[in-house]
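Reading the structure
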Amino acid sequence: MTFTKELLKKRIDVAAKRLPADLVIKNGKVVNVFTREVITEDIAIVDGYIVGTGAFEGYETVDASDQFVVPGFIDGHVHIESAMVTPSEFSNVVLPHGVTTIVADPHEIANVSGTDGIDFMLEASEGIPLEVLLMLPSCVPATPFENSGATLEHSDLEPYYTHPRVIGLGEVMDYPSVLYKDDKMLDKIMDASVKEKHVDGHASAIDADGINVYMAAGIRTDHECVTAEEALVRLRKGMYVMLREGSAAKDLVTLLKAVNEHNARRCLFVTDDKHLDEIIDEGSIDFNVKTAIREGVDPLLAIQMATLNAAECFGLKTKGAIAPGFEADLVLLKDLETVDIGRVYKGGKLVAKNGEVIQATGSITPPSIITDSVNISPVSLEGLKVKMSRGNMANIIEIRPKMIVTRHLIEEVDVKGGYFQPSVEKDQLKIAVIERHCRTGNIGLGIIKGLGIKNGAIASTVAHDSHNIVAAGTNDEDLLRAIHLTAGMRGGLAVVEGGKLLASLPLPVAGLMSNMEYKVVNERIHDLNNALAKVGCSMEFNPFITLAFLALPVIPELKLTDTGLFDVKSFQHLDVEAVSVK
């Protein structure tokens, strides 16, 4: 709606009680996030905005007696693609959880489809009830040590800053390019800075000196803290710290140890990468709020972090609070301690009630350039062999459960005929990354410990950040079968045992998202989970979620890309064969 002088006059008249409001939410226990107090009062709404709190009359009224009214929750950093559904289906999922605004980074689809991916996410999120604000992907590809589907320079990104929902530059994860003043990276930061746009950080394992560099460059946030000590370093430097609880990285409880009355205003909640089934089962930002309260954080402080703090971090001046002049994004809670959500309003309109959206939003049909994204060269059993010509000591990627960081191990492995042999007993399995964008024929091979598969193989085109095909298994035959099935679906997830497909989830939208309704996708995810249990996974953590981050060469310690095994600490490739114990 275009703001006009007539609208301004109407807001003033209603605020002055000369006219009734469009909608009045009456007698609610309103949570004031500015003063952190609860006040029983009415909320007057006109044209989607709050014009007054106190005592008001309106053409329509909603009785909120015995209910708490809080601002709509804001997810400060999320990749929609990680839920494996399109933006409209994502909206249908998170609105009932009280999330009315998200700050999304289309980094995943941009790595596959470049500006076509950004265009699709903007178009697919236009006009849906959930407000989707975008940060432009800063690192496509994430590093020069892998092959993605696109390369985005500052000249590709700069025109998007005229779009009203593009609010900044997304997570800068290429720290060396900032540290060593790479012109291409500095151009991207400069474009955002001169336009007074926000610049997000990605400071995984970066020390205090590194945070100095990021802050000096104008980078103001970080969502990669995994310890309370790291969070405190960033807070002391003036950063906003994003307290993350996703599917692979479950850091919230640990990070809450760093939060206190003095520094909480610089903290906000994010989900980053969270799978659909977990959002449905446990929640989104509402889960972060519940967890914080359970861990001893005052409920009003937890709500402040989920609303006002996020809004202020991104300069969203009309979001994050219940006050005159703010947007009428509201959540009615049946109980403050348990964050039991009853109704959700977006711009003064009821969009969800008792766990369901009022009117589901359908998806747009993606163009073929988005759906035809899986293009691999032929893969054979011979191409999956890991040569061991100098002995039986190998560099191994060890999974750390529920974390996206890994350990670099050197262990003795089984060797036969000069090639590595997977061992279920030693929990040493084969992992492969197959380039899937330009038919380069690249296959990165390695050894993984901790995935826990007892038989068969799994494969996926969800492999951060370049999203090549990543597969792991106990034998080459099943590994090859899983790779071929995944490619044949135009992207997706597959579980194979004894040459047979046990379960799959097609993801034809850039190999990242389904074009099905979220409830159908959720059913397929449960089928996958059953299949994972059948091949012996303990399900202490989700193997697919873990697998997705094993190809990300900006997260320590050891990862695998289509160009080979990569040591993130030294920023160089390693042979699978190890000469001596580390």
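The residue numbers shown here count from 1 along each chain, following its written sequence. Restriction of local features to residues with pLDDT of at least 70 applies here, the model being predicted, together with a cutoff of 80 or more for giving and counting side-chain atom pairs; totals for whole chains, interfaces and linings are based on all residues. Hydrogens and water molecules were not included; the side-chain quantities draw on all heavy atoms of the structure.

- An unreviewed UniProt entry annotates the chain as Adenine deaminase originating from Siminovitchia terrae.
- UniProt positions are given in the numbering used here, feature names are shortened, and annotations may be inferred rather than shown by experiment. Quoted straight from UniProt, the Catalytic activity (unreviewed entry) entry for the chain says "adenine + H2O + H(+) = hypoxanthine + NH4(+)".
- One UniProt comment on the chain, placed under Cofactor (unreviewed entry), says "Mn(2+)".

**Observations regarding the packing of helix H11 (residues 285-294) against helix H12 (residues 299-306)**
- Interaxial angle, 0 to 180 degrees, is taken between N-to-C directions of lines fitted to C-alpha atoms, where a helix line uses only the stretch in contact. Under the scheme used here, helices are H or I runs from DSSP no shorter than 4 residues and strands are E runs no shorter than 2 residues, and both carry numbers assigned from the N terminus. Relative orientation of the contacting elements H11 and H12 amounts to 150 degrees, with a least axis distance of 9 Å. Put simply, H11 runs roughly antiparallel to H12. For the crossing formed where H11 meets H12, the hand is right-handed. Listed contacts from H12 to Ile285, Val289, Ala292 and Ile293 of H11 are Pro299, Ala302, Ile303 and Ala306.
- Note on residue classes: Ala, Val, Leu, Ile, Met, Phe, Trp, Tyr, Cys and Pro are nonpolar, Asp, Glu, Lys and Arg are charged, and everything else, Gly too, is polar. Residue composition of the contact of H11 with H12, by class: eight nonpolar, no polar and no charged. If an angle is under 35 degrees, it is roughly parallel; if it is over 145, roughly antiparallel; if it lies from 65 to 115, roughly perpendicular; otherwise it is oblique. Handedness of a crossing follows from how the near helix is turned relative to the far one, being left-handed for an anticlockwise turn of less than a right angle and right-handed for a clockwise one. Residue contacts follow a heavy-atom distance rule, with two residues in contact if any of their heavy atoms lie within 4.5 Å.

**Focus: the sheet that holds strand E9 (residues 166-172)**
- Pairing between two strands is assigned when DSSP locates at least 2 bridges connecting them. Spatially, five strands are ordered E6-E7-E8-E9-E10 in an open sheet, and the strand pairing comes out parallel. In this open sheet, the two edge strands, each paired with only one partner strand, are strand E6 (73-78) and strand E10 (198-201). Across the sheet, the axes of successive neighbouring strands diverge by a mean angle of 30 degrees, strand direction being ignored.
- Summarising the sheet, strand E8 (residues 131-136) and E9 pair through three bridges and their orientation is parallel. Looking at the pairing, leucine 134 lines up with valine 166 of E9.
- Relative to the sheet, helix H6 (residues 183-194) contacts E9 and E10, its axis offset from that of E9 by approximately 150 degrees.

**Quick notes on the nonpolar core**
- The criterion is simple. A nonpolar core is a set of buried Ala, Val, Leu, Ile, Met, Phe, Trp, Tyr and Cys residues joined through side-chain atoms within 4.5 Å. Each residue is assigned to one of three classes by its accessible area relative to the maximum for its type, calculated with a 1.4 Å probe on protein chains only: buried under 20%, partly exposed between the two thresholds, exposed over 50%. Of all hydrophobic cores here, the largest spans 144 residues; its most connected members are Phe90, Leu243 and Val289.
- Considering each element in turn, this core owes the most residues, eight residues, to helix H3 (residues 107-124).
- Here phenylalanine 90 is in contact with Val78, Ile80, Ala83, Val85, Ile102, Leu130 and Ile279, once residues within four sequence places are set aside.
- The next biggest cluster of nonpolar side chains, apart from the first, holds 27 residues, and it includes Val379, Leu384, Ala432 and Ala457.

**Looking at the UniProt feature "domain: Adenine deaminase C-terminal" (unreviewed entry) in the chain**
- Taking the UniProt record as the reference, the feature "domain: Adenine deaminase C-terminal" (unreviewed entry) is found at residues 404-572.
- Taken end to end, residues 404-572 comprises 21% helix and 34% strand; its first and last C-alpha atoms sit 19 Å apart.

**A look at unusual backbone geometry**
- Aspartate 465 follows histidine 464 through a cis peptide bond whose omega is -5 degrees.
- You can see aspartate 465 is positioned in the loop between strand E24 (457-460) and strand E25 (469-473).
- In this chain, proline 556 is followed by glutamate 557 through a cis amide linkage whose omega measures -5 degrees.
- The phi angle at arginine 439 is positive, at roughly 55 degrees, despite the residue not being glycine.
- Residue placement: arginine 439 occurs in the loop between strand E22 (428-434) and strand E23 (443-449).
- A positive phi angle, near 65 degrees, is found at alanine 510, a position not held by glycine.
- Relative to the elements of secondary structure, alanine 510 occurs in the loop between strand E27 (500-506) and helix H16 (518-534).

**A look at the environment of valine 233**
- Within the fold, valine 233 resides in helix H8 (residues 228-236).
- With 43 residues separating them in the primary sequence, valine 233 and leucine 276 have C-alpha atoms 32 Å apart.
- Excluding anything up to four places from it in sequence, valine 233 contacts Ala208 and Ile211.

**Re the packing of aromatic side chains**
- Pairing of aromatic rings covers Phe, Tyr and the six-membered ring of Trp, with a centre-to-centre limit of 6.5 Å; geometry is then stacked below 30 degrees between planes, edge-to-face above 60, and tilted otherwise. Tallied over the full model, the rule gives five aromatic pairs.
- Where phenylalanine 34 meets phenylalanine 326, the ring centres are 5.8 Å apart and the plane angle is 70 degrees; that geometry is what we call edge-to-face. Here phenylalanine 34, found in the loop between strand E1 (21-32) and strand E2 (37-46), pairs with phenylalanine 326, found in the loop between helix H13 (308-313) and strand E14 (330-335); they are 292 residues apart in sequence, far enough to count as distant.
- A residue is classified by how much of its surface remains accessible, and phenylalanine 326, at 14% relative accessible area, is buried.
- For the pair tyrosine 175 and tyrosine 214, a centre-to-centre distance of 5.5 Å together with 70 degrees between the ring planes defines the contact as edge-to-face. Taken together, the residues tyrosine 175 in helix H5 (residues 175-179) and tyrosine 214 in helix H7 (residues 208-216) connect sequence positions 39 residues apart.
- Judged by relative accessible area, which is 18%, tyrosine 175 ranks as buried.
- A ring is considered to have a charge above it if a Lys NZ or an Arg CZ atom is located within 6 Å of its centre and within 35 degrees of its normal. The aromatic ring of tyrosine 49 is capped on one face by arginine 11, whose charged end is 4.2 Å from the ring centroid.
- Between lysine 17 and the ring centre of phenylalanine 56, over which it is positioned, the NZ or CZ distance is 4.9 Å.

**A look at the pairing of E9**
- With seven of seven residues buried, E9 is to be regarded as a mostly interior element.
- As paired strands, E9 and E10 are joined by three bridges and run parallel to one another. If you follow leucine 169 over to E10, its bridge partner there is valine 199.

**Remarks on the pattern of salt bridges**
- In the sections that follow, a salt bridge refers to a side-chain nitrogen of Lys or Arg positioned within 4 Å of a carboxyl oxygen of Asp or Glu. Within this structure, the stated rule accounts for 33 salt bridges.
- When the shortest N-O distance is used, the salt bridge between glutamate 282 and lysine 274 registers 2.8 Å.
- Using a relative accessible area of 25% as the deciding quantity, one classes glutamate 282 as partly exposed.
- Exposure remark for lysine 274: the relative accessible area of 3% places this residue in the buried category.
- Measuring nitrogen to oxygen at the nearest pair gives 3.3 Å for the salt bridge that ties glutamate 382 to lysine 385.
- Here lysine 385 falls in the partly exposed class, since its relative accessible area comes to 36%.
- In the salt-bridge network here, residues are joined through shared partners; they are Glu131, Lys319, Glu327, Asp329 and Lys346.

**Comments concerning the UniProt feature "domain: Amidohydrolase-related" (unreviewed entry) in the chain**
- The sites that UniProt annotates as "domain: Amidohydrolase-related" (unreviewed entry) are residues 68-351.
- Within residues 68-351, the helical portion is 35% and the strand portion 21%, while the C-alpha atoms at the span's ends are 17 Å from each other.

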